[in-house]
Amino acid sequence: MGNLRTGHIVEAALWLGLCLFLYIYSFQFEKEIEIYKFGASAWPRAILLLIAVAAVGQLLYNWKKGDGGATSMIAQAHDDSSKGSDHNSLKWYLWTFFLLALPFIYMNLPEAIAGMMSLEKPGLHSAKLIVAGIVVLVYILTMRGNYVGGILALPILFGAFLQDFGFYAMAPIFILGVMYLFGERRYKRMVVIGLGLYALLMIFFVSLLYVGLPTGNIGWFYDFGTTMVNILQ
Amino acid sequence: METFNNFLGGAVTLFSDPLGIVIFFGGVIGGMLFGAIPGVSMLTLAAILLPFTAHLSPEHGIMLFSVIYCTGVYGGAITAILFNIPGSPENAPTAFDGYPMTKNGQAGKAVGAAVMCSAIGGTVSAVIMMIATAPIANWAISAFGPPEIFALVFFGLAVASSVGAKTFWKGWLSILIGLLIAVIGLDPVGGIPRWDFNMPYLLAGIHFIPTILGFFAVTEIFVQAENRAKGSYQAPKLSVDFPSFAELIAHKFAVLRSIVIGFFCGILPGIGATLASFMGYNEAVRWSKDKSEFGKGKLEGVISSETANNAATGAAMIPLLALGLPGGALTAMMVGVFQMHDMEPGPLVFLNSADLVWVVFAAMFFANISILFVGYLETKTIINLLRIPFQFLAPMILCLATVGAYAVRGLTIDVIVMFVAGAIGFFLRRSGYSVAGIVLGLILGRIGEQTFAQAMQMLHFEWSGFAGRPIAAALLVAGFLTLLGSIYGAFFKKQV
């Protein structure tokens, strides 16, 4: 086994697995192009081959030198390795990936429910509200004690909510959430600075630059978004 | 003499028009601010402003974008140095030594070097651009066909693979991830969808602006979040200590070398300031007697990359104005400005709109000069941003990034892509991969594949055809030698 650790083998297996998965999918676009004999799949497959070679090269490097140091001084300056971090256990990874899955559950589950129950638009909106509530509750319960996982998932959750609930309603909650996850606990200061940041963003982008931000499309979130646009512009 | 008269004419036209002056200074300050504020970039500003240029004259529209280009490339250096968040990929190498300098309490000196070298590189480039536009463009166009551009992309990626990642193999994997992302969408020859998984969003390809915002701005926030949780977060020390004249003189060869590299890279379509700064930095490392100092906060690292990327700005205008070939995202947006006014950039612009060309040239010259003055004043404002506690700065950066990602195409999925890229970047960075390498691969991937396809068609699918083209052959050989050297170093040397 040389200097290999399980992590090295998992890392190489992930790369090789990705290559295999994408290689199988590449048959979907293995089509001839009249003026180009290599077709549409040669370039992507060459990249997959090189990834596989580099992954094996990295594995051999680990086998010979273990984790080793960064190979160059420049690389050492960029070494953000997780060594010495509390956020490196299997349990941490599992909970973090669970948190990261929550936004995608929200993005897919309401449509699936609406499809199964043949719901119209108002029904779909209700399903989205209920699923969003559950997702937020699960997020709050899960991220306690795992603030790094929480900060990784919160922006994606915010992005997933933008289409339905709009930037105008979601931004203040998002700003306060990020402050909390970064360790701020002085609630009065959080509210004052959070609202100040929100006002600055609104004035600069919406009032001065007329940037169109998502207003949302569900019930009073949409009404709130359009009212804000009318006031600011 | 004719060039000088044309330049004077352009300058007089520029500064005798009150609206032109307002737009010029608006572009100078806006470019710097958007380049400097973490989470947004000059591309964000340009994307936001693009629809409004329909209300401006073509001269004002193109001049505004060219000024934003010059000062934005510099502005990105400020955040690269102070926050380790390059405003755009062309500032990524600036962070390699700039950020360690900040951590060593030399933020002011690093920013000062960036101000001076950006101004020097940009101004010299603008002057050469004015003098040599026609002959250089003619040479590059006649000497550089698709085989040469593909060979240069390959050489650039081979050189860049050794930068930023923990090992050589992870450097290559980083670049290959970027190339892989660039493949998603329609293939450049036959328009066949690849890895779209029947999702309309993926059919158009993953847009590089949300990806860049994610990998740089968002990832940095996540990394800082973990550092705080580990208790290893350190607020940078503040100081304003511009480098002395003697220090700059001591680095004169680095400045000259970077000007040449930057200009050469900038003139080639699709290569531009990003590769210029990487190559400028890499050459500085290669020529240095004491390579071990790089990455720890060496002034020459900042000087080399900042001179090179600004030296590319003037050069990048040559293929755009002479041939209508945009070299990057911002010059591509300039094509959009031309098209909004029913114009096509290219040789006819020189014939039909000589005034426009010379107003733009004069504006770029003065924009680079103004970096020296406005840059000095504004940098102090930006440094004050460091006094803001990170728990208040982080939500602001994330919200600005959200607006920037959304403003490009008005799609919320771009915001999600940005944050997912940020999370992926976080995991990759803590595993020793290079996000700068990913972005370089992403940007050069498309042009690499396109020029490879064109080259193979030109060479009748004969690989030996490359040997018959000396420049392409030399670049390919140099790229392979760089690769072999890196592989040898990875396995058989203690440290490269």
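So, how was this worked out
- Residues numbered from 1 in each chain as written.
- Chains lettered and ligands numbered in written order.
- Predicted model: local features only at pLDDT ≥ 70, side-chain atom pairs only at ≥ 80, totals over all residues.
- Heavy atoms only, no water.
- Helix = DSSP H or I, 4+ residues; strand = E, 2+ residues; numbered from the N terminus.
- Buried < 20%, exposed > 50% of the residue type's maximum accessible area, 1.4 Å probe, protein only.
- Contact = heavy atoms within 4.5 Å.
- Areas by Shrake-Rupley, 256 points an atom, 1.4 Å probe, with all protein chains shown as cover.
- Expected span 1.5 Å × (residues − 1).
- Buried area = accessible area lost by both parts, 1.4 Å probe.
- Salt bridge = Lys/Arg side-chain N within 4 Å of Asp/Glu carboxyl O.
- Polar contact = N/O pair within 3.5 Å; in protein donor to acceptor, adjacent residues only side chain to side chain.
- Nonpolar A, V, L, I, M, F, W, Y, C, P; charged D, E, K, R; others polar.
- Phe/Tyr/Trp six-rings, centres within 6.5 Å; stacked < 30°, edge-to-face > 60°.
- Core = buried A, V, L, I, M, F, W, Y, C linked by side-chain atoms within 4.5 Å.
- Axes fitted to C-alpha atoms, helices over the stretch in contact; angles between N-to-C directions.
- Parallel < 35°, antiparallel > 145°, perpendicular 65-115°, else oblique.
- Lys, Arg positive; Asp, Glu negative; His and termini not counted.

(A) Fine view of the overall build of chain A. Within chain A, the secondary structure is distributed over nine helices and zero strands. Ordered by position from N to C terminus, the α and β elements of chain A give α-α-α-α-α-α-α-α-α. Across the 233 residues in chain A, those meeting the buried criterion constitute 47%. Of the contacts made within chain A by residues no fewer than 6 positions apart, 66% connect residues no fewer than 24 positions apart. By element, 68% of the accessible surface of chain A is carried by carbon and sulfur atoms, the whole surface being about 12,100 Å².

(B) Helix α8 (residues 168-183) of chain B, seen in detail. Residues and elements named next belong to chain B. Taking 1.5 Å per residue as the helical rise, α8 with its 16 residues ought to reach 22 Å, and the 23 Å between its terminal C-alpha atoms agrees with that figure. Of all 16 residues in α8, 16 are buried, a share of seventy percent or more. Looking one or two residues past α8, G185 carries a phi angle of roughly 115 degrees, positive in sign.

(C) Just the interface of chain B and chain A, in detail. Counting residues at the interface gives 83 residues for chain B, matched by 87 residues for chain A. When chain B packs against chain A, close to 7,700 Å² is buried across both sides, 75% of that on carbon and sulfur atoms. The tally of links between chain B and chain A comes to one salt bridge. In this structure, the salt-bridge partner of E11(A) is K170(B), at a minimum N-O distance of 3.3 Å. Counting every contact that joins chain B to chain A gives eleven residue pairs in polar contact (both at pLDDT 80 or more). Contributing elements (two or more residues each) for the side of chain B that touches chain A: α8, β2 (193-194), α10 (208-230), α13 (272-287), α18 (390-409), α19 (412-430), α20 (435-458) and α21 (470-492) of chain B. Broken down by element, the residue count for the side of chain B that touches chain A peaks at 13 residues, all from α18(B). In terms of residue class, the side of chain B that touches chain A is built from 57 nonpolar, 14 polar and twelve charged.

(D) View of helix α2 (residues 42-65) of chain A. Helix length check: α2(A), at 24 residues, gives a terminal C-alpha distance of 34 Å against a target of 34 Å (1.5 Å per residue), a fit within 8%. G66(A) sits one or two residues past α2(A) and shows a positive phi near 65 degrees.

(E) Focus on the packing of aromatic side chains. Residue and element names in this part refer to chain B. Summed over the entire model, instances satisfying the criterion amount to 45 aromatic pairs over all chains. Relative to F366, the ring of F7 has its centre 5.8 Å away and its plane inclined at 20 degrees; by these criteria the two rings are stacked. Here F366 lies in helix α17 (residues 354-385) and F7 lies in helix α1 (residues 2-15), a separation of 359 residues in the sequence. Looking at F366, the relative accessible area reads 25%, which means it is partly exposed.

(F) Spatial organisation of the pattern of salt bridges. Evaluation of the coordinates by the stated rule reveals twelve salt bridges over all chains. Its salt-bridge partner being E300(B), residue R257(B) comes within 3.4 Å of it at the nearest N-O pair. On the criterion of sequence distance, the pair formed by R257(B) in helix α12 (residues 252-267) and E300(B) in helix α14 (residues 299-323) is long-range, its members being 43 residues apart. Both residues of the pair, R257(B) and E300(B), belong to the buried class. Several salt bridges converge on common partners, so that one network encompasses E111(A), K128(A) and D164(A).

(G) Region of interest: the nonpolar core. In this structure, Y139(A), F167(A), M202(A) and L213(A) are the most contacted members of the largest nonpolar core, which totals 154 residues. Top contributing element to this core by residue count: helix α4 (residues 58-83) of chain B, with 15 residues. Counting residues in hydrophobic clusters, the runner-up holds 86 residues, among them L173(B), L179(B), L180(B) and M456(B).

(H) Just the side chain of E283(B), in detail. Relative to the helices and strands, E283(B) is located in helix α13. If we skip the residues at most four places from it in the chain, E283(B) touches R257(B) and I261(B).

(I) Structural view of the packing of α4(B) against helix α5 (residues 92-103) of chain B. All names here are of chain B. Across the interface, α4 lies against α5 with an axial gap of 6 Å and an inter-helix angle of 50 degrees. Regarding the angle of α4 to α5, the classification is oblique. From α4, A77, A80, I81, L82 and F83 reach across to α5, where they touch T94, A95, G98, Y99 and T102.

(J) Geometry of the side chain of E306(B). Residue and element names in this part refer to chain B. Mapped onto the elements of the fold, E306 is located in helix α14. One buried charged side chain, E306, makes no salt bridge at all; its nearest oppositely charged neighbour is R257, positioned 15 Å away. Among the polar contacts made by the side chain of E306, one reaches the side chain of S118 at a distance of 3.0 Å. If we skip the residues at most four places from it in the chain, E306 touches V73, Y74, A77, N91, T94, A114, C117 and S118.

(K) View of unusual backbone geometry. Despite not being glycine, S118(A) has its phi angle at roughly 50 degrees, a positive value. Tracing the backbone shows S118(A) in the loop between α4 (90-116) and α5 (121-143). Judged by its relative accessible area of 60%, S118(A) is exposed. Its identity as a non-glycine residue notwithstanding, D342(B) has a phi of 55 degrees, on the positive side. Residue placement: D342(B) occurs in the loop between α15 (329-340) and α16 (347-352).

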